[in-house]
Amino acid sequence: MDDQHPTPRAGRPGVDVPDHRGRTGLDRAGRGLDRNPGVVVRDVELTSAGWHVLRRTTFDYRRRDGRWETQQRETYDRGDGAVVLPYDAGRGRVLLTRQFRYPAYVNGHPDGMLVEAAAGLLDGDDPLAAVRRECAEELGVALGALTPVAELYMSPGSVTERLHFYAAPYTPADRTGAGGGLAEEGEDIEVVELPFAEALAMVRDGRIADGKTVLLLQWAALDGPFAVSR
């Protein structure tokens, strides 16, 4: 092509043309934010669109002394999630999972096998439906009434995810299957039923090292079904 007939620029997956998940406009997130008058978004760059999305955002920020400065932040957008602690107060037990977590393994965990509360991304569901779905898939349990515990940002320096925390009663009669997760998604999840006292001991000695699970177990001990009246 000559200068008068330049070669058309290929579309950018996830921006101008669909990426492998059919998404476009991924660089638009945050551009219209105006809830904080001390923050003015200038540019959003899509740096990676794998299963989840990594962006680099440039914005002007007004410091506490009134000076404006330009900053950049990278954000990892994996959607929001939900987590639940199933408990059997009558038998003094909680139902957890054990599975391999490569990010923990590569960052110093001895074998990468973490004991956790059942959790998952919302994937278009509301949080209540998401935790019931995850418990059916991972634990093989139909939950009773769900108690909201908290809505928290777990790593706000870089990850956009807001996690919805719940607790719910269960009994052995509520088992609907073997659990284990979805093999087609690479899941290989062990169902772990523990006495509540042992689960707390595992928090104290580091055998449970997952933040969301520690939070739910401590809630259960302080304000939840295993709280001791003072």
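Position numbers for residues start from 1 in each chain and track the written sequence from start to end. Reporting in this predicted model follows two pLDDT cut-offs: at least 70 for local features of residues, and 80 or more for side-chain atom pairs to be given and counted; totals over whole chains, interfaces and linings ignore these cut-offs and use all residues. Side-chain descriptors were evaluated using all non-hydrogen atoms of the structure, hydrogens and water having been removed beforehand.

### Quick notes on the overall build of the protein chain
Inclusion rule: Strands here mean DSSP runs of E at least two residues long; helices mean DSSP runs of H or I at least four residues long; both are numbered from the N terminus. Computation of the radius of gyration draws on C-alpha atoms alone. For the globule rule, the value is 2.2 Å times the number of residues to the power 0.38. Think of it in three bands: residues with accessible area under 20% of the maximum for their type are buried, residues over 50% are exposed, and the middle band is partly exposed, with areas taken using a 1.4 Å probe on protein chains only. We call two residues in contact whenever any of their non-hydrogen atoms come within 4.5 Å of each other. Each accessible area is a Shrake-Rupley estimate made with a 1.4 Å probe; only the visible protein chains count as cover when residues are assessed. We count Lys and Arg on the positive side and Asp and Glu on the negative side, and we leave His and both chain ends out. Every charge is mapped to an atom, namely NZ of Lys, CZ of Arg, CG of Asp or CD of Glu.
Within the protein chain, the secondary structure is distributed over four helices and 10 strands. Taken from N to C terminus, the helices and strands of the protein chain fall in the order β-β-β-β-β-α-β-β-α-β-β-β-α-α. Relative to its length of 230 residues, the protein chain is extended, with a C-alpha radius of gyration of 22 Å against a globular reference of 17 Å. Projected onto its principal axes, the C-alpha positions of the protein chain cover 80 × 50 × 35 Å. A total of 230 residues make up the protein chain; the buried ones form 36% of that total. A sequence separation of at least 24 residues applies to 53% of the contacts in the protein chain between residues at least 6 apart. When the accessible surface of the protein chain is totalled, it reaches about 13500 Å², and 50% of it is carbon and sulfur. When the 28 positive and 36 negative side-chain charges of the protein chain are each reduced to one mean point, those points stand 6 Å apart.

### Overview of the nonpolar core
A general feature of soluble globular proteins is that nonpolar side chains tend to end up buried together. For clarity, the threshold we go by: By convention a nonpolar core is built from buried Ala, Val, Leu, Ile, Met, Phe, Trp, Tyr and Cys residues, the set being connected through side-chain atoms within 4.5 Å.
Membership of the largest hydrophobic core comes to 25 residues, with the highest contact counts inside it found for Val94, Leu96, Ile208 and Leu217. Counting only elements with at least two residues in this core, the list comes to strand 4 (81–88), strand 5 (93–100), strand 9 (162–169), strand 10 (190–195), helix 3 (196–205) and helix 4 (211–222). If we ignore the near neighbours within four places in the chain, the residues touching Ile208 are Leu96, Val115, Ala199, Met202, Val203, Thr213, Val214 and Leu217. Residues Ala82, Val131, Leu139 and Leu143 belong to the second largest nonpolar core, which totals 15 residues.

### Quick notes on the sheet that holds strand 1 (residues 39–49)
Sheet strands pair via backbone hydrogen bonds, and the direction of the pair is either parallel or antiparallel. Defined as follows: Pairing between strands is defined by DSSP: at least two bridges between the two strands are required. Here the axes come from fitting lines to C-alpha atoms, over the contacting stretch only for helices, and the angles between their N-to-C directions go from 0 to 180 degrees.
Here we have three strands laid out as an open sheet, ordered 1-2-3, and antiparallel in their pairing. Taken across any chain shown, the strands that pair with only one partner, and hence form the sheet edges, are strand 1 and strand 3 (68–77). Each strand axis lies, on average, 20 degrees off the axis of its neighbour in the sheet, ignoring direction. Direction of pairing for strand 1 relative to strand 2 (residues 53–62): antiparallel, over a ladder of nine bridges. By the bridge assignment, Leu46 is partnered in strand 2 with Arg55.

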